[in-house]
Amino acid sequence: QVQLVESGGGLVQAGGSLRLSCAASGSIGSINAMGWYRQVPGKQRELVAAITRRGSTNYAGSVKGRFTISRDNAKNTVYLQMNSLKPEDTAVYYCAAGRFSAGDYWGQGTQVTVSS
């Protein structure tokens, strides 16, 4: 089993920045992909960004150029730097991890609210 603990959510004004962190523990040897998803009430959870152990990244089109995902393998931690935040970025952000894709294990979620 893998445990994921997120931190860094909160309230920010439009145009501001936030940095999310997610620390993994447990059976982390099987983890290759880590990433961030987000969900708003009434909508499906969507992928925001993902990163492999080697550093290959993938971003949702809506966040490209504004968000940056990074990973510290020594600390088993993944980060999401969010800049130029918009009200439509408001959501619960979930950390995820897995062997082939980020989706086998999930964090508890952290709320990000962007005010206009």
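Residues numbered from 1 in each chain as written. Predicted model: local features only at pLDDT ≥ 70, side-chain atom pairs only at ≥ 80, totals over all residues. Heavy atoms only, no water.

**Student:** Please set out the packing of aromatic side chains residue by residue, giving values where relevant.
**Tutor:** Two descriptors summarise a pair of aromatic rings, namely the distance from one centre to the other and the angle between the planes of the rings. Applying the stated criterion across every chain yields a total of one aromatic pair. The ring centre of Trp106 lies 4.7 Å from the NZ or CZ of Arg45, which sits over that ring. (Phe/Tyr/Trp six-rings, centres within 6.5 Å; stacked < 30°, edge-to-face > 60°. Lys NZ or Arg CZ within 6 Å of the ring centre and 35° of its normal.)

**Student:** Quick one: what's the story with the sheet that holds strand E8 (residues 77-82), residue by residue and with numbers?
**Tutor:** Strand order across the open sheet formed by four strands is E1-E3-E8-E7, with antiparallel pairing between neighbours. Each having just a single partner strand, strand E1 (2-7) and strand E7 (67-72) make up the two edges of the open sheet. Looking at each pair of strands side by side, their axes are set apart by 15° on average, direction ignored. Sheet analysis places E1 next to strand E3 (residues 18-26), joined by six bridges and oriented antiparallel. Note on E3: the bridge partner recorded for Gln3 is Ser25. (Pairing = 2+ DSSP bridges. Helix = DSSP H or I, 4+ residues; strand = E, 2+ residues; numbered from the N terminus. Axes fitted to C-alpha atoms, helices over the stretch in contact; angles between N-to-C directions.)

**Student:** Let's hear about unusual backbone geometry: which residues, and what values?
**Tutor:** Backbone geometry places Asn76, a non-glycine residue, at a positive phi of 55°. Among the secondary structure elements, Asn76 is positioned in the loop between E7 and E8. Positive phi is not limited to glycine here, since Ser84 has a value of about 50°. Looking at the element boundaries, Ser84 is found in the loop between E8 and strand E9 (91-98). On the basis of relative accessibility, which here comes to 40%, the residue Ser84 falls in the partly exposed class. (Buried < 20%, exposed > 50% of the residue type's maximum accessible area, 1.4 Å probe, protein only.)

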